[in-house]
Structure formats: structure tokens, C-alpha cells
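# Fold and contact review
Chain residues, written in single-letter form:
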Amino acid sequence: MSGLQNRSSQLFKYTRLFNNVSLPRLSSTIAKSSAEVIQREKKVSANNYDPSPVVITRGEGIFMWDVEGKKYYDFVGGFATLNQGHCHPKIIKAMTDQLNRLHHTSRAIFHDSLYELNEFLTKQFDYEKVLNMNTGVEGGESSVKIARKWGYRVKKIPQNQAQVVFAHGNFWGRTIAAISASTDPTSFDEFGPHVPGYQIVPYDDLGKLEQALRNPNVCAFMVEPLQGEAGAVVPTLGYLKGVRELCTKYNVLWIDDEVQAGLGRTGKMLAVDYEDVKPDLLILGKALSGGVYPISAVLGNSEVMDVLTPGTHGSTYGGNALACKVALASLDVIISEGLVENAFKMGEIFRSELNARLSKDKAIQVRGRGLLNAIVLNTKGVSDVYKLNNELKSNGMISKPIGSGALRFSPPLIITEAQLREGIDIIVNTINNFKN
């Protein structure tokens, strides 16, 4: 038997075996209730999340439905990934069209979608180059790598002496590199040794920042223009301009982490647009995906980005064809449907109404920009925050507890004023009637 005939015979044998495989009857194992889903998930899943006790099976627009059929206002928005809402038809169509044509090649060869996305991004945000990755934390790590390389190549920092400065309260993920910059003990403790070369300064404190940047070995300052996971913390007006001036003065790259605050979430396309300043590196993620397929991007000009050469960085899925088409559709929805403007308008109503209607005995502060907001609560601690969060769930709203004393709200930017006001009613009635 020839080699070709032998291989054909083996292929036929394996195909016949595969066709005879009895696959599990998945339908017979599907959970019948929320309680069963939660019980079964906890049994077989790592215990690194503590979700609200609700099991979602469908989403559309700003709404979600649980397995029992109850409807909820989604005021978490997939951690601000769902700026365009659940299952936006334009994004789903772009995804399915691309799935039927080409979804992945690796970056070992070219495909015909990457240039299209990156041309759009560079034109939209006025940068020259894009590095394509998958997740927000990869965007952060990539930016740190670029900054270090730039520090050695351009700023002439002695090898292995580069320093990166971060703000207290930052959050950009939970990889070893990200938690090494964290000030949250839950993220930080018992995961060492941590990445060296990091320094923490207070958020919204230009004086402390300047002290840190005087060190000639500092290559970058990475900061959120509005701190999301810290509870929608808005810096003093002028802080971002001050950051730009100090980074320029001390020849330090400013890395702007807009993974959560960007792409319309705060009522501007970028949160730095509130002060009309331009960072050296811009990180995008979350809503770039439309909540559909992971993609992130680092943008910068050639003088910084060109420190990367073939082999110095990469990602198997980064910049794949499917992600590129999804991102293009996601950006198109944000721009063509006026979601930036809507986020600004709805955010003004949200904060104004809550400040006027919430009991001062129950709510200390309402803060945020656009549709990234938090209510700082007057509670006895984290247990009360979780109880309140569960009461909101019972009343038809999904929100997110933050730390020991706040609830965060980030609904899709497609929300209408009527829907927003219905959501406000739920929040006000739940909080004002809460017994702590």
C-alpha cells in the first residue's frame, strides 16, 4: 500500500470512529432554576468571584432576563463593555458575517481586516500606530512594556532601572503585573514577589506626582482619567492638564487608561477630552468589543510605538479578523447613534435626580461623569452594601457593589430618558426604604 493510500485509510478510520462517538446529551443536563445553576456553578468553578444571586439567560438593549423569566434593568453593563447594549443587531451581524468568511489566521500572515480597523482608530483618535491585543489588562501590560523599552532606547535610562508610576486606587486587572501596581490588599496580598520598578502616588495630587517624576529613571505615569473600580472617582478639574504638563516637563510618557472610561462612557469619546489633552499612549478595551468579542488596543505615535520590533511583543489572537470587524461595528454604533452625547445628557439627569431625591441619611455622595457613576452610602459596612445590592435585584435592577460603602451604576449608553427615569425610581425607592 502506498503512503498516500495508507494515510487515506487512516483518515477514513478516524472519521468513522469520530462519527460513531456518542456525544453527551447536553439538553438533559440543563439546570431548571437559578438556585440549581448557582449550586452547580459553585461546585465546579474557582471561587474568585462573588456574583449577585441572579442567573441571566437573555439580554436585549438595556434589559436582561433570568432563567425564571424575570426582567431586569442592567445597570452594570458588563463592567462598561456593553455601551451599545445587549445583542446590538449591527454588531451581531458584523460578527456573524465575518464568522462565515474568516475568523482567525494568527499574525504570521496578513489578513484584510486589521488595516481597516487600525486606519479607523488612528484617524479617529489622532495617533499614528496601533498595537492590537485582546483584553484591557493586556493593553496595560503592553503599555508598560512599550514605556520601559522607550525608556531604555530613547530616554537612555540605565538597563533594568526603569520606573513606572501609578495612582493610588488604580485598577487595570489582576495579572501579576497589574496587581503589583494595586493598593487593594485583596488583589495584592499573598501573590508576591511582585513586579519591581513600580511606584504609587496619591490620585489627583500633582505635587506628589511631580516629586515622583523628578526621578530620571521614571519612564511613564499610568493613570485612569476617572477611576472606575475605585467608585467613579472624578479628579479635580485641571488635574489631567497638570499631568500632561508634568510628563512633558520631565520627559515621561503619559499612559492614559481609558479601558473603562473611554468610548463615550463618561459623556465624551475619551475622558481626557474633558480637559482637551492628549496622552502619549492610549489604552482602549471593554466597549471596543461591544461586549461581544474580546479586543483591546494601545495607540501612540511612531516615535514611541516603533521601539517595538518583530519578536518583541505579540499575541496569538491579538488583531484577529473577527475581533477587528466587531470593533469596527462597535465604534460605528457609538458614533452613528450619538451614544457619546446621550451618555452626557443621561448622566446629568441621573446625578441631578439622585442628588435631589436620595435621603441624606442613606446616601453621602453621588459622583461620576456621563453614565459611569457611584452612590457612596451611609452604611455599617460591606454587608449592608451587598444587602442593598440584593434588594435592588429583587426590585428589578442589577448594580455593582464597590468596596465597603458604594454602589456603581454603568448602564448601556443606548438608554432612553424614560428608561433612565424608571431606573432612578427603583434606585431611590430601594435606598430610601432600606433598613440597615
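Please refer to the structure placed before this passage.
Report follows, based on the coordinates. As the structure is a computational prediction, the values presented were derived from the model and not from experiment.

## Describing the layout of surface pockets
Of the volumes computed, that of the second largest pocket is approximately 700 Å³. Along the wall of the second largest pocket there are 24 residues; nearest its centre are Arg107, Leu114, Val130, Leu131 and Asn132. When residues of the lining of the second largest pocket are assigned to their parent elements, the largest contribution, five residues, is made by strand β4 (residues 129–133).

## Some words on the side chain of Ser399
Structurally, Ser399 can be placed in the loop between β13 (397–398) and β14 (400–402). Separated by 2.6 Å, the side chains of Ser399 and Asn389 make a polar contact. Other than its neighbours up to four places away in sequence, Ser399 contacts Ser52, Phe75, Val76, Asn389, Leu392, Leu407, Arg408 and Phe409.

## Concerning the environment of Gly151
Of note, Gly151 is situated in helix α6 (residues 136–153). Residue Gly151 is classed as buried on the basis of its relative accessible area, which comes to 0%. Linking Gly151 and Ser352, residues 201 residues apart in sequence, is a C-alpha distance of 45 Å. Beyond its immediate sequence surroundings of up to four residues, Gly151 is in contact with Lys156, Ile157 and Cys219.

## Some words on the packing of helix α13 (residues 339–357) against helix α15 (residues 417–432)
For the pair α13 and α15, the least separation of the axes is 10 Å and the interaxial angle reads 25°. As judged from the angle between their axes, α13 and α15 are roughly parallel. The handedness of the crossing between α13 and α15 comes out as right-handed. Residue-level contacts link Lys345, Met346, Ile349, Phe350, Glu353, Leu354 and Arg357 of α13 to Glu417, Leu420, Arg421, Ile424, Asp425, Ile427, Val428 and Asn432 of α15.

Cut-offs and rules
- Residues numbered from 1 in each chain as written.
- Predicted model: local features only at pLDDT ≥ 70, side-chain atom pairs only at ≥ 80, totals over all residues.
- Heavy atoms only, no water.
- 1 Å grid on protein atoms, 1.4 Å probe; cavity = no way out; pocket = protein on both sides within 12 Å on 5 of 7 lines; lining within 4 Å.
- Points joined across faces, edges and corners; volume = space filled by probe spheres on them.
- Helix = DSSP H or I, 4+ residues; strand = E, 2+ residues; numbered from the N terminus.
- Polar contact = N/O pair within 3.5 Å; in protein donor to acceptor, adjacent residues only side chain to side chain.
- Contact = heavy atoms within 4.5 Å.
- Buried < 20%, exposed > 50% of the residue type's maximum accessible area, 1.4 Å probe, protein only.
- Axes fitted to C-alpha atoms, helices over the stretch in contact; angles between N-to-C directions.
- Parallel < 35°, antiparallel > 145°, perpendicular 65-115°, else oblique.
- Left-handed = near helix turned anticlockwise from the far one by under 90°.

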